[in-house]
Amino acid sequence: MRVTVQAEGFDAGAELNAFSTAVAGAGAVVSFTGLVRDNGGSLAAMEIEHYPGMTEKAIAAMMDEAAARWALVDATVIHRFGRLAGGEAIMMVLVASRHRADAFQAAEFLMDYLKSRAPFWKKELSAAGGDWVAAREEDEAALRRW
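Model, not experiment: these values are computed from the prediction.

S.K.: Just checking my understanding: could you explain the side chain of T4 for this structure?
M.R.: Position of T4 among the secondary structure elements: in strand β1 (residues 2–6). For T4, the residues in contact, after removing those within four places along its chain, are V77, I78 and H79.

S.K.: Looking at this structure, how should I read the packing of aromatic side chains?
M.R.: Under the counting rule described, the total for this entry stands at four aromatic pairs. Taking 5.4 Å as the distance between ring centres and 55° as the angle between the ring planes, the aromatic pair formed by W70 and F109 counts as tilted. One end of the pair, W70, is in the loop between α2 (54–69) and β4 (72–80); the other, F109, is in helix α3 (residues 100–116), and 39 residues separate them in sequence. With respect to class, W70 is no different from F109; both count as buried. Members of the aromatic cluster, connected to one another through ring pairs, are W70, F109 and W146.

S.K.: How do you make sense of the pairing of strand β7 (residues 120–126) when you look at a structure like this?
M.R.: Successive side chains on a regular strand alternate, one facing one side of the sheet and the next facing the other. Pairing between strand β3 (residues 43–50) and β7: seven bridges, direction antiparallel. Looking at the pairing, I48 lines up with K122 of β7. Across four bridges, β7 lies against strand β8 (residues 129–132) in antiparallel orientation. The residue bridging E124 from the neighbouring strand is D131, located in β8. Between β7 and β8, which pair antiparallel and follow one another directly, the connecting turn spans two residues.

S.K.: Help me understand a nonpolar patch on the surface, please; the structure alone is not making it clear to me.
M.R.: Taken together, Y51, M54, W121 and W132 make up a surface patch of nonpolar side chains, about 470 Å² in accessible area. Among the secondary structure elements, W132 is positioned in strand β8.

S.K.: What is the right way to look at the sheet that holds β4 in this model?
M.R.: Strand pairing in a sheet takes place through backbone hydrogen bonds and is either antiparallel or parallel in direction. With respect to topology, four strands assemble into an open sheet ordered β1-β4-β6-β2, the strand pairing being mixed. Each edge of the open sheet carries a strand with a single partner, namely β1 and β2 (28–35). Between one strand axis and the next, the sheet turns by 5° as a mean value, whatever way the strands run. Of the strand pairs in this sheet, β2 and strand β6 (residues 89–97) are connected by eight bridges, and their pairing is antiparallel. Within β6, the residue paired with V29 across the bridge is A96. Packed onto the sheet, helix α1 (residues 12–22) meets β1, β2, β4 and β6 and runs at close to 15° relative to β6. Packed on one face of the sheet, α3 meets β2, β4 and β6 and runs near 150° to β6.

Conventions adopted
- Residues numbered from 1 in each chain as written.
- Predicted model: local features only at pLDDT ≥ 70, side-chain atom pairs only at ≥ 80, totals over all residues.
- Heavy atoms only, no water.
- Helix = DSSP H or I, 4+ residues; strand = E, 2+ residues; numbered from the N terminus.
- Contact = heavy atoms within 4.5 Å.
- Phe/Tyr/Trp six-rings, centres within 6.5 Å; stacked < 30°, edge-to-face > 60°.
- Buried < 20%, exposed > 50% of the residue type's maximum accessible area, 1.4 Å probe, protein only.
- Pairing = 2+ DSSP bridges.
- Patch = residues over 30% accessible without salt bridge, like charges linked within 9 Å, V, L, I, M, F, W, Y side chains within 5 Å.
- Areas by Shrake-Rupley, 256 points an atom, 1.4 Å probe, with all protein chains shown as cover.
- Salt bridge = Lys/Arg side-chain N within 4 Å of Asp/Glu carboxyl O.
- Axes fitted to C-alpha atoms, helices over the stretch in contact; angles between N-to-C directions.

Pasting the structure below:
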């Protein structure tokens, strides 16, 4: 299992191809790529901060939990930090398992965790200034189902 937290962009297609090629014994691969959302065209950029070391450990712990709950062959999480423009890839979750149900559930679990609990701080920048992104109730509700 791999956790990568990086400032640089990534090629989602290349990551998916490399992951799919490397997993042995998998019958299903699920991937999700999250993009920086530009609500209404007012976003100039998003700044994402994190604590190196702590962030990777926290994500790795959630990946371990996913592996304990579902029969996973492998998993990868990539998350970016720094200044990102609208439409840029911000994160990617890749999960492989012998069966699709485990892959889909583990991927959803990891995505919900990353959205609500991973130690990243996000600030949306616009012409009017910057606003920290607050937790949303629907994201918390999605996480509670697990």
